Amino acid sequence: MTRDRAEMVREIVDDLKIRARVCGLKRLARETSALYENLVAHGVPDAIVTSYFAVGLMRERLDEQRRGRSG
């Protein structure tokens, strides 16, 4: 494979990876929105739902930090 062709393949692969991440993020946004709407529709106060998501984000960040230190 020529160098130009290899570079083109790398660019295509990188583009596909980016598209996969975007699709994953869109799906996560839809699922999060649906979960939020469902919880609020069942009478859970907005502040509690927001706190639930905030705690989830904090846990993810702490996990990433721990992995970063140990990894």
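Quick caveat, the model's predicted, so the values are computed rather than measured.

Regarding the overall build of the protein
The helix and strand tally for the protein stands at two helices and zero strands. Taking 2.2 N^0.38 as the reference for a compact globule, 71 residues should give roughly 11 Å; the C-alpha atoms of the protein span a radius of gyration of 19 Å, well beyond that estimate. Here the protein, with 71 residues, has 3% of them falling under the buried criterion. Here the protein displays about 6600 Å² of accessible surface, and carbon together with sulfur accounts for 58% of that area. Charge centroids of the protein, computed over 14 positive and 11 negative side chains, lie 4 Å from each other.

Focus on helix H1 (residues 3-41)
Taking 1.5 Å of rise per residue, the 39 residues of H1 would be expected to cover 57 Å, and the 57 Å separating its terminal C-alpha atoms lies within 8% of that figure. Among the residues trailing H1, Gly43 stands out with phi positive, at a value near 90 degrees.

Side note on the packing of aromatic side chains
Scanning the model with the defined rule gives one aromatic pair in all. Between Tyr52 and Phe53, the ring centres sit 5.4 Å apart and the planes meet at 70 degrees, which makes this aromatic pair edge-to-face. According to the relative accessible area criterion, Phe53 is partly exposed, its value standing at 22%.

Some remarks on a nonpolar patch on the surface
A contiguous nonpolar surface patch, about 300 Å² in accessible area, is contributed by Met8, Ile12 and Leu16. With respect to the helices and strands, the residue Leu16 is situated in helix H1.

Structural notes on the pattern of salt bridges
The full count for this structure, using the stated rule, is four salt bridges. The residue Glu7 makes a salt bridge to Arg10 at a minimum N-O spacing of 2.7 Å. Of the two residues, Glu7 and Arg10 both sit in helix H1, three residues apart, roughly one turn of that helix. We classify Glu7 as partly exposed; its relative accessible area is 37%. The closest approach of N and O atoms between Asp63 and Arg66, which form a salt bridge, is 3.0 Å. You can see Asp63 and its partner Arg66 sitting in helix H2 (residues 46-70), three residues apart, about one turn around the helix. In this structure Asp63 comes out as partly exposed when scored by relative accessible area, which is 31%.

Calculation criteria
- Residues numbered from 1 in each chain as written.
- Predicted model: local features only at pLDDT ≥ 70, side-chain atom pairs only at ≥ 80, totals over all residues.
- Heavy atoms only, no water.
- Helix = DSSP H or I, 4+ residues; strand = E, 2+ residues; numbered from the N terminus.
- Rg over C-alpha atoms; globule rule 2.2 N^0.38 Å.
- Buried < 20%, exposed > 50% of the residue type's maximum accessible area, 1.4 Å probe, protein only.
- Areas by Shrake-Rupley, 256 points an atom, 1.4 Å probe, with all protein chains shown as cover.
- Lys, Arg positive; Asp, Glu negative; His and termini not counted.
- Charge placed at Lys NZ, Arg CZ, Asp CG, Glu CD.
- Expected span 1.5 Å × (residues − 1).
- Phe/Tyr/Trp six-rings, centres within 6.5 Å; stacked < 30°, edge-to-face > 60°.
- Patch = residues over 30% accessible without salt bridge, like charges linked within 9 Å, V, L, I, M, F, W, Y side chains within 5 Å.
- Salt bridge = Lys/Arg side-chain N within 4 Å of Asp/Glu carboxyl O.

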